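Each chain, letter by letter, is given below.
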Amino acid sequence: TFLAMQVPVVGWTPLRSLEQMGPLGVFLGYQVLAVCDATRRSRNLSVWQFVRFRISAFMALGVGLVVAVAVLAPMGFFGPLSSRIRALFVQHTRTGNPLVDSVAEHQPASAAAYKHYLHMPLDYCFLGSLVCLFNRNNGCYFAALYGLVAFFFSGKMSRLVLICAP
């Protein structure tokens with residue numbers, strides 16, 4: 001992101017666009033997790049001390065983010081959601097422009113599209129769900145959450161079937 005911000009056309013856009021705030025929050029959360037783990041190893045914290053330290057670190061991150069948003073939002077620092085992102089949450093309406101209305105990739109995906117593009121992975125989805133049901137760990141939770149998010153958004157726009165595919 002830092003290198004992309006050096007390009008004059010891009011500038012501060014990665015830090016101003018709302019659709020990139022979620023990934024930035026995840027990145028900051030992982031940085032806090034890494035600092036917590038490094039602190040646990042260096043200080044030899046017990047389990048309860050580590051849990052309290054991690055909770056306080058995430059509370060500090062949350063307070064810092066709330067303060068940053070409270071200061072920057074009234075100044076108009078953050079831009080609105082792009083039309084591509086808004087289109088995922090609102091029902092498609094006719095624009096009056098036949099070229100825009102006829103673009104097939106902006107239409108909701110059908111069951112045939114999932115079968116055509118995903119084929120074998122779609123057949124194994126049920127088996128993978130069973131494995132995740134009986135083997136609960138962070139990887140399985142991530143796979144289940146990713147599957148739900150991918151299914152939701154790919155159902156809104158057919159081009160996302162391929163983007164969200166495994």
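We now turn to the structure provided with this report. The structure displayed is predicted, hence computed values, not measured ones. (Residues numbered from 1 in each chain as written. Predicted model: local features only at pLDDT ≥ 70, side-chain atom pairs only at ≥ 80, totals over all residues. Heavy atoms only, no water.)

**Examining the overall build of the protein chain**
A count of helices and strands for the protein chain gives nine helices and zero strands. Secondary structure of the protein chain in N-to-C order comes out as α-α-α-α-α-α-α-α-α. Intrachain contacts of the protein chain at a sequence separation of at least 6 include 58% that bridge at least 24 residues. (Helix = DSSP H or I, 4+ residues; strand = E, 2+ residues; numbered from the N terminus. Contact = heavy atoms within 4.5 Å.)

**A few points about the nonpolar core**
Listed in full, the five residues of the largest apolar core are Val32, Cys36, Phe50, Ala57 and Leu61. Every element with two or more residues in this core is listed here: helix 2 (21-43) and helix 3 (47-72). Setting aside anything within four residues of it in sequence, one finds leucine 61 in contact with Leu28, Gly29 and Val32. (Core = buried A, V, L, I, M, F, W, Y, C linked by side-chain atoms within 4.5 Å. Buried < 20%, exposed > 50% of the residue type's maximum accessible area, 1.4 Å probe, protein only.)

**Focus on the packing of aromatic side chains**
Scanning the model with the defined rule gives three aromatic pairs in all. Between phenylalanine 152 and phenylalanine 153, the ring centres sit 5.0 Å apart and the planes meet at 80 degrees, which makes this aromatic pair edge-to-face. (Phe/Tyr/Trp six-rings, centres within 6.5 Å; stacked < 30°, edge-to-face > 60°.)

**As for the pattern of salt bridges**
It is possible for side chains bearing opposite charge to pair when their charged atoms get close. Applying the stated criterion across every chain, the model contains two salt bridges. Close ionic contact of aspartate 37 with arginine 54 constitutes a salt bridge, the shortest N to O distance being 3.3 Å. Of this pair, aspartate 37 sits in helix 2 while arginine 54 sits in helix 3, and the two are 17 residues apart along the sequence. Aspartate 123 is paired through a salt bridge with lysine 115; the nearest N and O atoms lie 3.2 Å apart. A residue is classified by how much of its surface remains accessible, and aspartate 123, at 37% relative accessible area, is partly exposed. (Salt bridge = Lys/Arg side-chain N within 4 Å of Asp/Glu carboxyl O.)

**Some remarks on unusual backbone geometry**
Even without being glycine, asparagine 44 reaches a positive phi, approximately 50 degrees. Looking at the element boundaries, asparagine 44 is found in the loop between helix 2 and helix 3. For histidine 119, which is not a glycine, the phi torsion comes out positive at approximately 40 degrees. Within the secondary structure, histidine 119 sits in the loop between helix 6 (111-118) and helix 7 (120-134).

**Concerning the packing of helix 6 against helix 7**
Where helix 6 contacts helix 7, the axes come no closer than 6 Å and their chain directions differ by 105 degrees. In terms of orientation, helix 6 lies roughly perpendicular with respect to helix 7. Packed against helix 6, whose contacting residues are Tyr114, Lys115 and Leu118, the element helix 7 presents Met120, Pro121, Leu122 and Asp123 at the interface. Partitioning the contact of helix 6 with helix 7 into residue classes produces five nonpolar, no polar and two charged. (Axes fitted to C-alpha atoms, helices over the stretch in contact; angles between N-to-C directions. Parallel < 35°, antiparallel > 145°, perpendicular 65-115°, else oblique. Nonpolar A, V, L, I, M, F, W, Y, C, P; charged D, E, K, R; others polar.)

**Thoughts on the packing of helix 2 against helix 3**
In the contact formed by helix 2 and helix 3, the axes pass within 10 Å of each other and the chain directions differ by 150 degrees. Of the two possible hands of crossing, helix 2 and helix 3 adopt the one that is right-handed. On helix 3, the residues touching Leu28, Gly29, Val32, Leu33, Cys36, Asp37, Thr39, Arg40 and Arg43 of helix 2 are Phe50, Phe53, Arg54, Ala57, Phe58, Leu61 and Leu65. (Left-handed = near helix turned anticlockwise from the far one by under 90°.)

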